[in-house]
Structure formats: C-alpha cells, structure tokens
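# Residue-level structure breakdown
Chain residues, written in single-letter form:
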Amino acid sequence: MMGMLQRFASYVMRGRRQAVVVGLLFTILPLFGWVSNVIVSLVTLRKGAKEGAIVLLWIILPAVVVASIGNRLIILYGIIGGSLFTYVLALVLRQTQSWKAVLTASLLLGLLAVLLVHAWIPNITQVWINQFDHYALLVKNQFNVVVDTSRLQFFAKFATGFQVAFITLSVLINLILARGFQSMLYNPGQLRPELKTVRLSLWEVLILLVIGLLSFLGIAIAQDAISVVGLIFVLAGLSAIHALADLRNVANKWIFLFYVLLVVFFPYVAAALIIFAVIDSVFNLRYRLKRNT
C-alpha cells in the first residue's frame, strides 16, 4: 500500500502536466475531489506558489464550469472553502515550516468567514431554523419520522461555525496528507515530529476565553465562532498528547484507546483536549516534562 502511494506521489511530482492531469481526473470523480486539493498542496509545498497556483487554476476549472451553469454553492464550498483555502494554508506551511502558523492562519480565516457570513446575512440563525424546519417536514412526509425541531433550533445558533470548522478540518487533513507525501518522497520521518510540536500562543488562549464568554452571554456571532476556535485547540491538544505520550513511552494500544474514547465521547474528550491545550499554552508542558526526565 505504501509503495503504491509513493508511486502515485512520485508520478504527480514528475511534472506540471502529470499533476494537472491527475488532479483533473480526481476532480471529476465523485467523492474524490479532495484528492485534487492534496495534489495542489503537494505541488505548492515542494515547488512553490507559482506552480501551485497553475495547478490550482486548472483543477478548479470544472467547478467554475459547473458554477456557471447554475450551482453557485460550489464556488463557496468547492473553490473558496476547498481548493483556495487549501492552497493558502499550503503557502503558509511552505513559508513558515510551522504547523502552529497553519493553525493560527486557519483560526483567523475561520473567524473572518464567520464574521463575513453574519455581516452578509444578519439573521443567519433564523435562516438555519427555516432550513431545519423544511428538512424536518420533508423527513416526516417521506419517511413518517417526527424530528424534534426544538433541538435543531438550538443547533442553528452554531450551524455556521460548525460548517466553517468542518471545512477547516477537511482542509487541514488534506494538507497533512500532502505533507505526508512530501515527507515520503523527500524527507522520510519529517511529518510526525512536526505534528507533535504545536503549541498555541497566549493571545490565542485569550481569544478562546473572550469568545467563550461572549458565547455564554448569547452573542450570536460568538456562538458561531466558538466551533472554529474550539477545533484549533482540540488539534493543539492532540499534538500535546502525542508529544507527552512519546516522552513517557506510552504504548500504542493506549493511544488507540484514547481515539476510541474521543469518537465515542467526543464532546467530553474534546473539552478535555481544549483545557489541556490551554494549560500547555500557558505552562509549556513539553518543556517542563523534558526538564524533569
């Protein structure tokens, strides 16, 4: 399997034509469009902004054609939230060689997206409530299943931020895969140590605390933003967990169990990871543990 992936990455990096052809192929394949964003990231990381931009322009061409026919949402989710977002974060990683910088850029761009949505559609929460009511009625008519709309109305307060956070996570996964391919081809073993060094700054902790407080007070834009900020701290917490597990020589079975618990009890484990990331940002747990070993 690894050999097949290495041959795939090697072929893509053989030249611009190969990257464009393979990227276009995956763009038109259902459910595999994300692979084209991985290719854009890989080319950008290795060959720079110009080559990455050329491949990007070719890859988004089918989406532009579809959008011109009438599906305008593909501009928002496919081009801006997918390919362009991935390209920008790949540039950040290439220039800084820092996953902390990538998470910081993701945080700022995510908050900007939430701000723009609320500025463009001030009653966005009501828009989501209407959408949820429509889908609940559709499910009831077609499947005779009654959906509790009161819970959906509560979720509407966070729906925009949740979408932004989900898009951000998918883009970060694409970037990690691209960095993995780059490491596989040119710098074996590079990726894992990089991912274990993420430690957020105190000003990002302050942003989390302010947005959390405003969200608790019922400020609509803060309630949407909390998912974006929370995602960044969850990922930073995972980085700290892996770094400390390496320092303590924790067995892989315990790491696997931790991820099982993360999936099964996600809200609780995610909250614990956020707290852990905050503590690491303030006290630098990695440094303290290294000093004591």
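Here, every reference points to the structure presented above.
Overview of the structure.

Conventions we followed
Residues numbered from 1 in each chain as written. Predicted model: local features only at pLDDT ≥ 70, side-chain atom pairs only at ≥ 80, totals over all residues. Heavy atoms only, no water. Helix = DSSP H or I, 4+ residues; strand = E, 2+ residues; numbered from the N terminus. Rg over C-alpha atoms; globule rule 2.2 N^0.38 Å. Buried < 20%, exposed > 50% of the residue type's maximum accessible area, 1.4 Å probe, protein only. Areas by Shrake-Rupley, 256 points an atom, 1.4 Å probe, with all protein chains shown as cover. Polar contact = N/O pair within 3.5 Å; in protein donor to acceptor, adjacent residues only side chain to side chain. Contact = heavy atoms within 4.5 Å. Phe/Tyr/Trp six-rings, centres within 6.5 Å; stacked < 30°, edge-to-face > 60°. Lys NZ or Arg CZ within 6 Å of the ring centre and 35° of its normal. Core = buried A, V, L, I, M, F, W, Y, C linked by side-chain atoms within 4.5 Å. Axes fitted to C-alpha atoms, helices over the stretch in contact; angles between N-to-C directions. Nonpolar A, V, L, I, M, F, W, Y, C, P; charged D, E, K, R; others polar. Expected span 1.5 Å × (residues − 1). Arc of directions from axis to C-beta.

## Observations concerning the overall build of the protein
Broken down by element type, the protein carries 16 helices and zero strands. By the compact-globule yardstick of 19 Å for 293 residues, the protein fits well, its C-alpha radius of gyration being 21 Å. Overall, the C-alpha framework of the protein stretches about 55 × 55 × 35 Å when taken along its three principal axes. Per-residue burial for the protein yields a buried fraction of 42% across its 293 residues. As displayed, the protein has an accessible area near 16600 Å², and 70% of this comes from carbon and sulfur atoms.

## Notes on the side chain of Ser 281
Following the sequence through the fold, Ser 281 ends up in helix H15 (residues 266-283). Here Ser 281 falls in the buried class, since its relative accessible area comes to 2%. A polar atom in the side chain of Ser 281 sits 3.1 Å from the backbone oxygen of Leu 200. Ignoring any residue separated from it by four or fewer positions in sequence, one finds Ser 281 in contact with Arg 199, Leu 200, Ser 201, Leu 202 and Val 205.

## Structural notes on the side chain of Ser 239
Mapped onto the secondary structure, Ser 239 falls in helix H13 (residues 220-247). A relative accessible area of 4% places Ser 239 in the buried class. Of the polar contacts made by the side chain of Ser 239, one reaches the backbone nitrogen of Val 198; its length is 3.1 Å. Contact partners of Ser 239, with chain neighbours within four places excluded, come to Leu 195, Lys 196, Thr 197, Val 198 and Arg 286.

## Concerning the packing of aromatic side chains
The final tally for this structure, using the stated rule, is seven aromatic pairs. Seen in terms of ring centroids, Phe 8 and Phe 26 are 5.9 Å apart; in terms of plane orientation they differ by 90 degrees. Their pairing is edge-to-face. In this pair, Phe 8 is assigned in helix H1 (residues 2-12) and Phe 26 in helix H2 (residues 16-28), connecting sequence segments 18 residues apart. Owing to a relative accessible area of 25%, Phe 8 belongs among the partly exposed residues under this scheme. Residue classification places Phe 26 among the buried residues on the basis of a relative accessible area of 17%. With a centroid separation of 5.6 Å and an interplanar angle of 80 degrees, the aromatic rings of Phe 258 and Tyr 259 are classed as edge-to-face. Residue Phe 258 is classed as buried on the basis of its relative accessible area of 19%. Here a set of aromatic residues connected by ring pairs shows up, and it is made of Phe 8, Phe 26, Phe 32 and Phe 181. Above the ring of Tyr 186, the side-chain terminus of Arg 46 is found at 3.6 Å from the ring centroid.

## Focus on the environment of Asn 37
Tracing the backbone through its elements, the reader meets Asn 37 in helix H3 (residues 33-47). For Asn 37, a relative accessible area of 8% gives the class buried. Sequence separation between Asn 37 and Leu 175 is 138 residues, and the spatial gap between their C-alpha atoms is 8.3 Å. Aside from chain neighbours lying at most four places away, what touches Asn 37 is Gly 82, Ser 83, Thr 86 and Asn 174.

## Details of the nonpolar core
Considering soluble globular proteins, one finds that nonpolar side chains tend to be buried as a cluster. Core analysis: the largest hydrophobic core is formed by 56 residues, its most contacted members being Ile 39, Val 55, Leu 89, Val 102, Leu 175 and Phe 233. With eight residues, the single largest contributor to this core is helix H10 (residues 159-186). Discounting chain neighbours no more than four positions away, the residues touching Val 102 are Leu 89, Val 92, Leu 93, Leu 172 and Leu 175. Phe 258, Leu 262, Val 269 and Leu 273 belong to the second-largest nonpolar core, a separate cluster that totals seven residues.

## Overview of the packing of helix H14 (residues 252-264) against H15
Running from amino to carboxyl end, H14 crosses H15 at an angle of 120 degrees, the nearest separation of the two axes being 5 Å. The residues of H15 that touch H14, namely those facing Phe 258, Leu 261, Leu 262, Val 263 and Val 264, are Phe 266, Val 269, Ala 270 and Leu 273. For the contact of H14 with H15, the per-class residue count stands at nine nonpolar, no polar and no charged.

## Let's talk about helix H8 (residues 124-143)
Taking 1.5 Å of rise per residue, the 20 residues of H8 would be expected to cover 28 Å, and the 28 Å separating its terminal C-alpha atoms lies within 8% of that figure. For H8, every residue scored as buried is listed here: Ile 124, Trp 128, Ile 129, Phe 132 and Ala 136. One side of H8 carries all its buried residues, which in axial view fall inside an arc of 140 degrees. Of the exposed residues in H8, those oriented more than 90 degrees away from the buried face are Asn 141 and Gln 142.

## What to know about unusual backbone geometry
Positive phi, normally seen in glycine, also occurs at Leu 31, with a value near 75 degrees. Position of Leu 31 relative to the elements: it lies in the loop between H2 and H3. Phi is positive for Asn 249, which is not a glycine, with a value near 55 degrees. Within the secondary structure, Asn 249 sits in the loop between H13 and H14. By relative accessible area, which is 68% here, Asn 249 ends up exposed.

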